[in-house]
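Chains, contacts and geometry: an overview
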Amino acid sequence: MRRIAWFTLPLMLSLLSFAGCTGLNRYPTDGRLVLKDLDSPVKVVRDEKGMAYIHAESLGDAMRALGYVTAQDRLFQMTLTRLFAAGRIGELAGEKAKALDIRHRTLGLHRQAIAHAGMLAPDTRRLIQYYVDGVNAYIQDGGESLPLEFKLAGISPEPWTLADSLTILYFMSWDTSANLKAEILAQMLVEQLGQQRATEIFPLIVNPDDEGSRADAAGALTMVPSGFQSDKRLLGFLEDGSHEMGSNNWVLGPGLSAGGKPVVCNDPHLETRILPGPWYPVGLITPHNRIVGAHIPGLPLMPIFRNRFVAVGITNAYGDMQDLYVETLDPADPDRYLEGNRSIPFTVVEETLRIRDKHAKEGFREERIAIRYTNRGPVVSGVLEGLETEQVVSLRWAPFETMSPTLGVTDMINAKSVGDIRRALAMANIIMLNFAFADTDGNIGWHVSGRLPIRNDGDGTVPSVVTDGRDNWRGFVPFEQMPHAYNPKKGWLGTCNHHTVPHDYPYYYSSYQSPSYRYRRLKQLMDTPGEKSVDDHWRYQRDTFNLMAEKLVPYMVDVLETSPHTLELAQILKKWDLHDDIDAVGATVFHSIYERFAWLTFSDELGEALAGHMLGVWYFWQERFQQMVLTDHLGLWFDDTTTAGTVERKPEILIRAALDARAMLSASMGSNPDGWLWGKLHRHSFVSPVRQDGFGKGFLGGGTHPAAGSVEALYRGRYEYNDPYSVTISAALRMVADLADEDKVLAVLSGGVTGRVFHPHATDQIGAFMNGEKMYWWFSDHEIANHTRSVLVLTPTAVPSN
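For clarity, every value in this text was computed on a predicted model and none was experimentally measured.

**Structural notes on the packing of helix α9 (residues 180-193) against helix α11 (residues 232-239)**
Contact geometry of α9 with α11 gives a least axis separation of 9 Å together with a crossing angle of 130°. As summarised for this structure, α9 and α11 are arranged oblique, according to the angle between their axes. Classified by chirality, the crossing of α11 by α9 is left-handed. For the pair formed by α9 and α11, the contact residues are L180, K181, I184, L185 and M188 on the first element and L234, L235, F237 and L238 on the second. Its residues placed into classes, the contact of α9 with α11 shows eight nonpolar, no polar and one charged.

Structure representation (structure tokens):
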């Protein structure tokens, strides 16, 4: 969930008054409890981290118990996610969340989930319902063990529904969908600069495995009337933190693995500031299977896991599943829109917002909103200003058109081979991810899930203008033709959100993907001679080498050495080993100069507001900017257009950026560069959802820590360009699953297992997460027994006491 502060100071003081209470905010982990509808007793073993290992006689009972224990640990987090995804977070945050709620109601994630729930196949519905039943059993019977956070928030937990779980699935898909921000930005650039000039700085898309696939994301542009820059509703999507997630995954074949079996590695990059972190790890053990992995609380799908036969990891694939359309209102009737000469009434859906308001009766007020739909999807803008005809923008999103009665729930976790995983992924239409996987027979694979639209005209870089009733989507790319690879000769596969399709791929894939730096660095590491051990992979996930800096620093040094005012900065960069380590002064100097250099390059032509929007979306500009710096291509962009009669060159702007950066660093960190350590500037804070800012933040959270890595390194430490350098996105989980190791999986969370303030397992993995200490998910019976700290038996009925 996004960072939205909603606890008031009186609530905060109430919370602090409880802080000294022994056993506060705990739940039963020993003894016996009744979980109705179980077919047989279930044993829940917890280890030293508080991680649950569920021993059940059937998958159905395991799923019921999974719902129960997930609710024990994460019910409040689940509730916040549900409110956020369904457009109800204003019930906690009040007026400040109203615009966000309107956006999510407009998208209609919860409405779609309700419709999807009604068409699920019986087996899929039944398995998810088992999980839902377990959650509701805890809500009903939890009593005093329910999370303290509910009392402090002044709300009670509501019953969970199958549609709530699907709402979270759609929300995760929306949060990882690509191109919306890029499409809005591209249109704003066209408005500001004109088509030809704007396309000069459109994203540069690079596939490092196929340099022939290097492409300018200019597409076949259709000129769209102006109006995007002044529309507050569209700008709201730019302010959302969605569409910027990342991740790394790779799979090593048996020929390169020290253990002789494949190894699957994964570090999904998500919002990690809010405790306990987004992933919930668990073990499921039945007579027919043994699984350890992680799922998003509330959504009983486990995309990151290993069982006896296979292991799987994911990253965001960034396929373009979204398009924006400019629709013309009927001049004779604003309640209708035009498709050529045909006038069509908007479909209208009414929703009621419930907004926390201390001045309203019972503490809430209600507001009705009307959401308009065209044949393509919901209207996501206001009426665009300054046009001859009134126009609005609608949104089309592939997952709403590709619902399937099956989700591959059981097929994935029960897989025994790479072929089984591939068949399961063919049913995963809602979310587009890079799945990397392997089996114990030595096979490895990668396949992109989801459904990619086949477009008739151009690509999805800029919005399309609706001129008639023709559909510019003519179907979806067949699963067999989605990007994939199996058992490559090089012996490994990996994805880092980069462009993965070859130059001869027959379909438009995306104009918005990660720069190639992380994947290029992964290639360097994986292509070094010799076998790779589990320790090697663990180290690679924390690799801080900055490949972008390797390209840019030599040019920076050459230029900065020409001025006596920047010579010291040049010397610092020259000595830097190009690792974004916490004790690196060079990292601080590089990032400060680089980001100021980009600002000075673009802000004069774009204006401060648009430059801030564009530079705030890292993927949009970094690869292009590197090309501009290292070549003579587009040199006029470096001229400062605010200085009439003077044409500045690239070196002059770089020196100016360096002087500005030095002044800013001196003001914030002191004038002695020896103190400009990257870890003093680049920090990772862990906060409780109860108090994300202000008084009590540190007491209830997990502290603020020096953070290695950067936006560009494999060790991801992404921060906001417009609000540097606090980490916002990083690995939320690091996992190395060696299929040769039948005892354990190397894994650590960004926070902890439990989402409860004052609970020891809410923050107990932060230290290991930050310093690289090894932690494990236990896999074998022997190791689970060795690390057992508590045993809770769930029974279908109460057991009479003796």
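**Concerning unusual backbone geometry**
In this structure, the amide linkage connecting L275 to the following residue, P276, adopts the cis form with an omega of 5°. Tracing the backbone through its elements, the reader meets P276 in the loop between β7 (263-271) and β8 (280-286). Cis peptide bonds are those with omega within 30 degrees of zero, and the linkage from P724 to Y725 qualifies with 5°. Structurally, Y725 is set in strand β28 (residues 723-731). Even without a glycine there, the phi angle at N25 is positive, about 60°. Relative to the helices and strands, N25 resides in the loop between α1 (9-18) and β1 (31-34).

**Looking at the nonpolar core**
Core analysis: the biggest nonpolar cluster contains 215 residues, and I54, W279, L573, F590, I593 and M614 have the highest contact counts within it. Ranked by residues supplied to this core, first place goes to helix α2 (residues 59-85) with 14 residues. Formed by 28 residues, the second largest nonpolar core is a distinct cluster that contains W250, W492, L522 and F769.

**So, the pattern of salt bridges**
Any two side chains of opposite charge can pair, on the condition that their charged atoms come close. Counting across every chain of the model gives 41 salt bridges. Ionic pairing is found between R376 and E327, a salt bridge with its closest N-O pair at 2.6 Å. Separated by 49 residues along the polypeptide, R376 in the loop between β16 (364-373) and β17 (391-397) and E327 in strand β12 (residues 322-330) bring together distant segments of the chain. By the burial criterion, R376 is buried, and E327 matches it.

**Observations concerning empty space enclosed by the protein**
In this structure the tally under the stated criterion is six cavities of 30 Å³ or more. In this structure, the largest cavity occupies an estimated 530 Å³ of space. Together, 37 residues line the largest cavity, and L301, P303, I431, L433 and F435 are the ones closest to its centre. Listed by contribution, the elements that provide at least two residues to the lining of the largest cavity are α2, α8 (162-176), β6 (246-252), β7, β11 (310-316), α12 (409-413), α13 (418-425) and β18 (433-439). Its boundaries defined by the atoms lining it, the second largest cavity holds a volume of some 60 Å³. As for the second largest cavity, its lining consists of S514, P515, Y517, R518, Y619, Q622, V711, E712 and R716.

**Here we look at α2**
Owing to its 3.6 residues per turn, the α-helix aligns residues three or four sequence positions apart on the same side. Compared with an ideal rise of 1.5 Å per residue, which puts 27 residues at 39 Å, α2 spans 28 Å between its outermost C-alpha atoms and falls more than 12% short. The largest bend in α2 comes to about 85°, at R74. Counting buried positions along α2 yields 26 of 27 residues, so the element is predominantly enclosed.

**A look at the side chain of H684**
Note that H684 resides in strand β25 (residues 683-686). Among residues more than four places away in sequence, those in contact with H684 are T272, R273, G703, T704, H705, A707, V727, S730, F769 and M770.

**Examining the sheet that holds β1**
Sheet architecture is open: 11 strands sit in the order β1-β32-β2-β3-β8-β9-β10-β11-β18-β19-β23, paired in mixed fashion. Every other strand in the sheet has two partners, leaving β1 and β23 (484-486) as the edge strands with one partner each. For this sheet, the mean inter-axis angle between neighbouring strands, taken without regard to orientation, is 20°.

**Points about the packing of aromatic side chains**
Applying the stated criterion across every chain, the model contains 37 aromatic pairs. Between the aromatic rings of Y170 and F400, the centroid separation amounts to 5.7 Å while the plane-to-plane angle is 70°, which identifies the pairing as edge-to-face. In this pair, Y170 is assigned in helix α8 and F400 in the loop between β17 and α12, connecting sequence segments 230 residues apart. You can call Y170 buried: its relative accessible area is 0%.

**Some remarks on the environment of V477**
Looking at where V477 falls in the secondary structure, it is placed in the loop between β22 (473-476) and β23. Separated by 304 residues in the primary sequence, V477 and D781 have C-alpha atoms spaced 43 Å apart. Residues in contact with V477, not counting those within four places in the same chain, are R451, L452, I454, M482, Y505 and Y507.

**Describing the packing of α2 against α8**
Each pair of packed helices can be described by the angle between their axes along with the distance between the axes. α8 packs onto α2 with a crossing angle of 70° between their chain directions and a minimal axis gap of 9 Å. Between α2 and α8, the angle falls in the class roughly perpendicular. Seen from above, α2 lies across α8 with left-handed handedness. Together, T81, R82, F84 and A85 of α2 and D164, T167, I168 and F171 of α8 make up the contact between the two elements. Counted by class, the contact of α2 with α8 contains four nonpolar, two polar and two charged residues.

Procedures and definitions
Residues numbered from 1 in each chain as written. Predicted model: local features only at pLDDT ≥ 70, side-chain atom pairs only at ≥ 80, totals over all residues. Heavy atoms only, no water. Axes fitted to C-alpha atoms, helices over the stretch in contact; angles between N-to-C directions. Helix = DSSP H or I, 4+ residues; strand = E, 2+ residues; numbered from the N terminus. Parallel < 35°, antiparallel > 145°, perpendicular 65-115°, else oblique. Left-handed = near helix turned anticlockwise from the far one by under 90°. Contact = heavy atoms within 4.5 Å. Nonpolar A, V, L, I, M, F, W, Y, C, P; charged D, E, K, R; others polar. Core = buried A, V, L, I, M, F, W, Y, C linked by side-chain atoms within 4.5 Å. Buried < 20%, exposed > 50% of the residue type's maximum accessible area, 1.4 Å probe, protein only. Salt bridge = Lys/Arg side-chain N within 4 Å of Asp/Glu carboxyl O. 1 Å grid on protein atoms, 1.4 Å probe; cavity = no way out; pocket = protein on both sides within 12 Å on 5 of 7 lines; lining within 4 Å. Points joined across faces, edges and corners; volume = space filled by probe spheres on them. Expected span 1.5 Å × (residues − 1). Bend = angle between axes of the 7 residues up to and from the residue. Pairing = 2+ DSSP bridges. Phe/Tyr/Trp six-rings, centres within 6.5 Å; stacked < 30°, edge-to-face > 60°.

Geometric descriptors of this kind do not, in isolation, establish any biological role.
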